[in-house]
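Chain and residue survey
If you want the building blocks of each chain, they are given just below.
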Amino acid sequence: MKIGLDVGSTTLKCVAIDDNEKIVYKAYERHYSKIANMSAKMLNEIVEKHPEFARAQLTVSGSAGMGFAQSLGLNFVQEVYATRIAVSRLLPGTDAVIELGGEDAKILFLTNGTEVRMNGSCAGGTGAFIDQMASLLEISPLEMNEIAKGKEKVYSIASRCGVFAKSDIQPLLNQGAAKKDIAASIFEAVVNQTVAGLAQGRKIVGKVVYLGGPLYFLSELRNAFDSGLGVKGHCPDDGLYFVALGAAFSSKNEAIDILGITEKINSFVSSGEYLASKPLFNNKEEYEEFCTRHAEDAVKTDGQLYCDNRVYIGIDAGSTTVKAAAVNTDGDIVYSKYMPNSGDPVRLIKEFLIDFYSSFPSAVVCGSAVTGYGEEIIKNAFGIDVGIVETVAHYTAAKKFKPDVDFIIDIGGQDIKCFKIRNNAIDNIFLNEACSSGCGSFLQTFASAWGYDIESFSKLGLFADKPVDLGSRCTVFMNSSVKQAQKDGASIENISAGLSVSVVKNALYKVIRAANADELGKNIVVQGGTFLNDAVLRAFEQEIGRDVIRPNISGLMGAYGAALIAKEKVKEKSTIISKEELETFEHKVKAVVCSGCSNACRLTVNTFSGGRRFIGGNRCSKPVASTETDSGLNMFEYKRELLNAYVPFNGQRETVGLAMGLNMFELLPFWHTFFKELGFGVALSEKSTRGLYVKGQHTIPSDTVCYPAKLLHGHIESLLEQGVKHIFYPCMTYNIDEKLGDNNYNCPVVAYYPEVIRSNIPKLKEINFISDYLGLHRPKDFVGKIHAILCRNFGDIALSAVKAASDKAYDEYHRYMNKIHIQGLQFMKEAKKRDLPVVILCGRPYHLDEEINHGIDKLICRCGAAVVTEDSVSPMVEKFPTDVLDQWTYHSRLYAAAKYVADKQDNDINIVQLVSFGCGVDAITTDEMRSILESKGRIYTQIKIDEISNPGAVKIRLRSLFAATGR
Amino acid sequence: MNPENRVEFTKDMMDYTLLAPNMANIHFSMLVNIFGQYGYKVELLKNDGRAVVDEGLKYVHNDTCYPALLVIGQLIDALNSGKYDPNKTALMITQSGGGCRASNYIHLLRKALKKAGYGQVPVISLNLSGLEKNSGFKIRVSMALKMLSALIYGDLIMLLKNQVEPYEINKGETNALSQKWIDDISEMFKNGKGYSMREMKKILPQITKEFSEIAVNKVNKVKVGVVGEIYVKYSPLANNHLEEFLFSQGCEVMVPGLLGFFLFKTDNRLEDVKLYGGKKIKKIAMTVAIWYLTKIETMLNDAARAYGNFTVPAPYAHIKEKCTKIIGAGCKMGEGWLLTAEMMELIESGYGNIVCAQPFGCLPNHIVGKGMIRKLKELYPQSNIVPIDYDPGATRVNQENRIRLMLAVADENLNNA
């Protein structure tokens, strides 16, 4: 008589097996964090139905069961281990098990060396992730499974964490991609995440078993795994219960009195000890006073049409909600609507306009403006007059409430936007980077996980006595913090309050990174749908210790601001589509692959009645009609062209393969020349693409390393496919010394990635992989060292020849760097002549890679600016003291570029820094860059990039930058 | 570096309280006593809890490595506590130098102090690379020698304590003995004794003898090794009291000592010359230093072997030779190849169950930690390594769950053996 109880992060599973190991009872239920009660209920049920289980062996498993098993002295077994026991017993001969749970993903290799792997703390390809994505599509996971069956194409979606994926999915939705395709893409993202995060160099082959809720319930997810792995996996009938079964099987303890323990479990009150912050409100009076104060910040929302019937329409097509407002000539709102963005903003706006026209048949729309992620599609669909950058729209609206506003914070569905105002212009912008959004949709996800809507969920926390201190971190982490709090016995009220506080902390400490309230400003306006929740608003005021203004139309501010701008800007009749046209309005979407260049972007072509068109998904301007704003001055493009001139060739000696990633992006001129001079041939890996990345992803050992490093695995595969017999990829602790810093290091990843490659790509054993340590910073010593390496690998080579080749190589390298410098100056001159703004797009050499920068350089050019690089201006700067240790060659260039811009005091020359997600050293450079620039009153702009980037966010940053500099 | 921005610790500041973060308890307790003997009032910070993390989050870029965030948070939290007069307090922090971002801690600390309104507080860098100097803070030769011997004593006490404590019959006996030795050694230092080679040669085996005499019940326990980024590896604040947790799960824990790290950092300079060229004099100086440290190491290991039946780590030169077959000796940033080497050594001496503790997103660990696990698994199929990330958001539940998985496999291996 054995009972196994599996307490997962979201569900509870229980099995009872008799002495013949036959299952006599099984149950599977969501526990909504009422773990103790539900467990007791299940155990009672067992004894009720099967009295012979009154005394039985009981073993607990599952991440959320650890706590109470320990306190009650119950037998506990780790869940992956339990799975293994169950699989070995029930499905002998299994080679690998893939188990997805609520928040965990696991792979077990059972044959050829047992290995068990679990996702790290930063991994989201799990049940919670699928739930989150389904709620984004406004369907249930099961519905998502259904529609995925009809997929036509698959998009790339990052699944490392829900937040990343959201920022991929939202633009797709906004561009009109079909839900069925997105659903299928989400499943594929889960597969990629599992393989990239957990396989770590081991191929998943043979007899594969799928376990856990998501795989059990979602046939399309299983199919995605089947096709991704090239296997036919098996999902057993009891797939949900394997952990519980494993727990039961592994019971070795004495049989215990089940009803007795049930009683104990039922009355089990967890420690109740968790870190708590102070309550939001101590009593009802405090709350009422708070409400009265905020009620004062209001504009009319029931304005009337005047006899001129003139109205102005503003639309904010945001990431998770769509807002629209119509104002009269006084700026009073006459009609407004706040709609969840169910993935089809066009339909929503159409409905809004129809409603509006029928409510106000006499209205004359005199102007219209649109802002937000969906700006372009809405603008094209309905003939909206102007598109405005969100920051400007919000500022315009905020001024209505507080003319001397100096700080605005907007917490929306999935992003936080903050801006400082100085001299009536937006001075500094903070946007949450892809990894730290803990915003409205984050509260939403938790609310719906517990079966509440966001409003009532957030209200729960108002009078909580001990809000859980959850810290400030991204959603995935937050899930486990909440899990821990539940374990410690926190009530749902206290968790709700804690989540509201953490939204605020996230904004303050992760996005704005403010040390104190005074840093923000004195006149603060808060807005965005999330601030409609009093708990969040109160937490914010408590955290900064200052009262703030929350407009009554907090959620509508973008639309309201847009309407005000329309009122100001559009003088003649609006181009917005008329009531009649609206009646026959049609919207068609077609997915095509662009054949304009080798990028093969997946485009969504939207056509609207009246012949208007909108194309999304493009990374360059080729497929769309040229807008003529492209500056054509792009140093990134120039550098790429320079590098493209170093083509592969054959020599009379062996051919050496070079992987085009990381530092090779700068050293190619050197090594290419060096090997050519010595008579070697050179083979190069192919251009980076998503496909190339996927090819190498199964050998990536650390899922948190930066994307440029991960890509290298694909490049090595590419060289191997070409049949290269020698790959040359030296370790380089030091870089070339450009005398700009105190030392000339490479970062640890650039320096030593060859070690990772060597140890993790098994096929390299079959060829000659040269990864010796080399220093180009000492040219004289270099000759001797490389000579020895070459002789060791290729037999005798004359030292004098090596010396000559090395001289030529250094010359070529310096020539290359010099060309960049000269061309950069040329572009800046040209920009000045044509009165174009200049963006010094700072990063590292490998940011040239289009798969890494996602076409951001081109995007800047399309905005009408010239793109110059940090290494084209750094030679003009002398070494200068910095506040941090300046000892990496690439960083020294960054600081020099910042210094150049700071000293230059030309509003038209600005810095934009590209930062790869996971780049540890950039945590240091970004702060220093900002402080160098801000010390001279200049604006610092940072763009974080990862596997996938969000061009929408990038555009906001750039357009705000240009708006702030008066462009 | 921007020299104007630095507040120096001058000679008139001798009455200041010097606050320093704690890392390896045994070692650091002795170091504090040594500082005291030379007139520096050093206090090791033991403040713990959420406030430390919160201060860190407030004043340090949140993507910076966790140790920096904690150390800085701890120092600022201490200044905020009101226990210390900010005008009479200085901070002390170690600075490793090298290509890892950790060499920037001190600068991040200064930035944070300025932001928090403690711009006047001087920060003293304790480093091996001569990065910064302070006129009021000098390490005299005798002091340096004492510090070095504190390191040796610390390594031995830690090694023995770890191997005896889990098996002791009278609870608390081992801990009391190590405390007794910390006190005795500090007392000897105070009297100018106990730090010469000659004396250490006598005292070290004595320590082993006393530890070997503690009554134990040698049951079969799961043996776990802990490696990782140096601060996270040792500091309970950073690793969520990892050792305690492992003890509570009935394990014996082995944590490699600090001397190896010292040797490694010295050896790196020699490797640099070998790999990239450099001055002969540097080469000679470093060769001498290594010869000396190796002599000390031999003494330490001999002492550990003198009584009882303790597992003694293999010498540095030996593990280097073995490890450099899979990773280059030039891999030196952070813990560099030494981390991989320590894992190999642990596996070979029976501690194949390993927790590799690292700050979330630690750059060197992508290479020498996670990057090498596959290779190690290939070489040692029985190895059972779990990498654990630590950062302000990672929860104990998740970390412990993963460690438990490793322990479950370890248990099975133990039972099958």
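Residues numbered from 1 in each chain as written. Chains lettered and ligands numbered in written order. Predicted model: local features only at pLDDT ≥ 70, side-chain atom pairs only at ≥ 80, totals over all residues.

To continue, consider the confidence of the model for chain B. Summing up the model confidence of chain B, the mean pLDDT is 90 and the portion of residues at 70 or higher is 97%. With pTM at 0.84, the complex prediction returns an ipTM value of 0.92. (pLDDT = per-residue confidence, 0-100.)

Further remarks concern the sheet that holds strand β4 (residues 123–127) of chain B. Residue and element names in this part refer to chain B. With parallel pairing, 4 strands are arranged side by side in an open sheet as β2-β1-β3-β4. The outermost strands of the open sheet, each flanked by one partner alone, are β2 (41–45) and β4. Direction aside, neighbouring strands of the sheet carry axes that sit 30° apart on average. Bridge count for strand β1 (residues 17–21) against β2 is 5 bridges, and the pairing is parallel. Bridging from a neighbouring strand, L18 pairs with V42 of β2. Where helix α3 (residues 66–80) meets the sheet, its contacts fall on β1, β2 and β3 (89–95), and the angle it forms with β1 comes to roughly 145°. (Pairing = 2+ DSSP bridges. Helix = DSSP H or I, 4+ residues; strand = E, 2+ residues; numbered from the N terminus. Axes fitted to C-alpha atoms, helices over the stretch in contact; angles between N-to-C directions. Contact = placed C-beta atoms within 7 Å.)

Listed per partner, the contact involves 60 residues of chain B and 61 residues of chain A. Elements that contribute at least two residues to the side of chain B that touches chain A include exactly α2 (50–59), α4 (105–115), α10 (259–276), α14 (363–368), α15 (370–379) and α16 (396–416) of chain B. Of the residues forming the side of chain B that touches chain A, the biggest block, 9 residues, is contributed by α16(B). Of the residues that constitute the side of chain B that touches chain A, the class distribution is 26 nonpolar, 20 polar and 14 charged. (Nonpolar A, V, L, I, M, F, W, Y, C, P; charged D, E, K, R; others polar.)

A few words now on the sheet that holds strand β7 (residues 105–109) of chain A. Residues and elements named next belong to chain A. Pairing is mixed in the open sheet, where 4 strands are placed in the order β8-β7-β6-β9. Every interior strand has two partners, whereas the edge strands, β8 (115–118) and β9 (208–211), have only one. Across this sheet, the average inter-strand angle for adjacent strands is 10°, counted without regard to direction. Both strand β6 (residues 96–100) and β9 contribute to a ladder of 4 bridges, which runs parallel. Along β9, the bridge assignment pairs A96 with V208. Helix-sheet contacts for helix α7 (residues 179–199) involve β6, β7 and β8, and the interaxial angle to β7 is about 60°.

Let us look at the domain arrangement of chain A. Residues and elements named next belong to chain A. What the domain assignment reports for chain A is domain 1 (310–401 + 560–583), domain 2 (407–548), domain 3 (637–808) and domain 4 (818–964). Summarising the inter-unit geometry, the C-alpha centres of domain 3 and domain 4 are found 26 Å apart. The partner domain 4 presents 29 residues to the 31 residues of domain 3 that form the contact. Where the side of domain 3 that touches domain 4 is concerned, the elements lending two or more residues are α24 (635–644), α25 (664–677) and α27 (707–721). Here the side of domain 3 that touches domain 4 takes 5 residues from α24, the largest share from any one element. Across the side of domain 3 that touches domain 4, the residue classes break down as 13 nonpolar, 10 polar and 8 charged. (Domains from an automatic or database assignment.)

Attention now goes to the nonpolar core. Ranked by internal contacts, the top residues of the largest apolar core, which has 458 residues, are A563(A), I840(A), V867(A), I72(B), L109(B) and L156(B). At 12 residues, α7(A) tops the list of elements feeding residues into this core. (Core = buried A, V, L, I, M, F, W, Y, C linked by C-beta atoms within 7 Å. Buried ≥ 20, exposed ≤ 12 C-beta atoms within 10 Å, placed from the backbone.)

What follows deals with the environment of T925(A). Residue and element names in this part refer to chain A. Mapping T925 onto the fold places it in helix α35 (residues 922–934). Owing to 27 C-beta atoms within 10 Å, T925 belongs among the buried residues under this scheme. Sequence spacing of T925 and L885 is 40 residues, and the spatial spacing of their C-alpha atoms is 9.9 Å. Those residues in contact with T925 that lie beyond four places of it in its chain are H891 and L894.

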